Amino acid sequence: MRKKLKALRGATNLTEDTAEEIDAKTEELIGELILKNDLDAENIVCVVFSLTSDITAAYPAATFRDKFVSSVPLFSCLEPSIQGGMPLTIRVMILHYGKKNNPVYLHETKNLRKDLFYEHCN
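From a predicted model like this one, the values you see are computed outputs, not experimental measurements.

J.: Residues and numbers for the sheet that holds strand E5 (residues 104–105), please.
T.: Taken in spatial order, the five strands make up an open sheet running E3-E2-E4-E1-E5, and their pairing is mixed. The sheet is open, and its two borders are formed by strand E3 (74–78) and E5, each paired with just one other strand. The pairing of strand E1 (residues 6–13) with E5 spans two bridges and is parallel. Within the sheet, the bridge partner assigned to Gly10 lies in E5 and is Val104. Running over the sheet, helix H1 (residues 19–37) touches E1, strand E2 (44–51), strand E4 (89–96) and E5 and is turned about 145° from E1.

J.: Please provide a residue-by-residue account of the pattern of salt bridges, values included.
T.: Under the defined criterion, the tally for this structure stands at five salt bridges. Among the ionic pairs, Lys67 bridges to Asp23, the shortest N-O distance being 2.6 Å. Note that Lys67 is positioned in helix H2 (residues 60–67) and Asp23 in helix H1, a separation of 44 residues in sequence. A relative accessible area of 39% means that Lys67 is categorised as partly exposed. Given the relative accessible area of 24%, Asp23 is considered partly exposed. One connected set of salt bridges, linked through shared partners, spans Asp23, Glu27 and Lys67.

J.: Describe a nonpolar patch on the surface, with residues and values.
T.: A grouping of Leu5, Val45 and Tyr97 is seen on the molecular surface, where their side chains present a nonpolar patch of about 240 Å² in accessible area. Structurally, Val45 can be placed in strand E2.

The rules behind each value
- Residues numbered from 1 in each chain as written.
- Predicted model: local features only at pLDDT ≥ 70, side-chain atom pairs only at ≥ 80, totals over all residues.
- Heavy atoms only, no water.
- Pairing = 2+ DSSP bridges.
- Helix = DSSP H or I, 4+ residues; strand = E, 2+ residues; numbered from the N terminus.
- Contact = heavy atoms within 4.5 Å.
- Axes fitted to C-alpha atoms, helices over the stretch in contact; angles between N-to-C directions.
- Salt bridge = Lys/Arg side-chain N within 4 Å of Asp/Glu carboxyl O.
- Buried < 20%, exposed > 50% of the residue type's maximum accessible area, 1.4 Å probe, protein only.
- Patch = residues over 30% accessible without salt bridge, like charges linked within 9 Å, V, L, I, M, F, W, Y side chains within 5 Å.
- Areas by Shrake-Rupley, 256 points an atom, 1.4 Å probe, with all protein chains shown as cover.

Here is the structure:
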């Protein structure tokens, strides 16, 4: 049977732009994504992080590399500055060949996509 590539999404937000909080919230988010989706390193193709422009104290991809998987390609980009957008937000998309695909939206980011993800984010 042929494996199907999946795009797993998640997000979290900070209360302040500090290296400690970026590290903690990234670790929490990735930990929940791994737990809820039974992710294995060998099934992860790559990970894309996007950050709002007000996050400058640390690099969330470094947390992923240091605390989870060091052999997976990582990419980070800046979210566009949209009026009324949620500040201090880290988003992630994990391309993988796992069996599950349950998004994880933590803290205030639960409000970003209630239409698609609310059932998975309680």
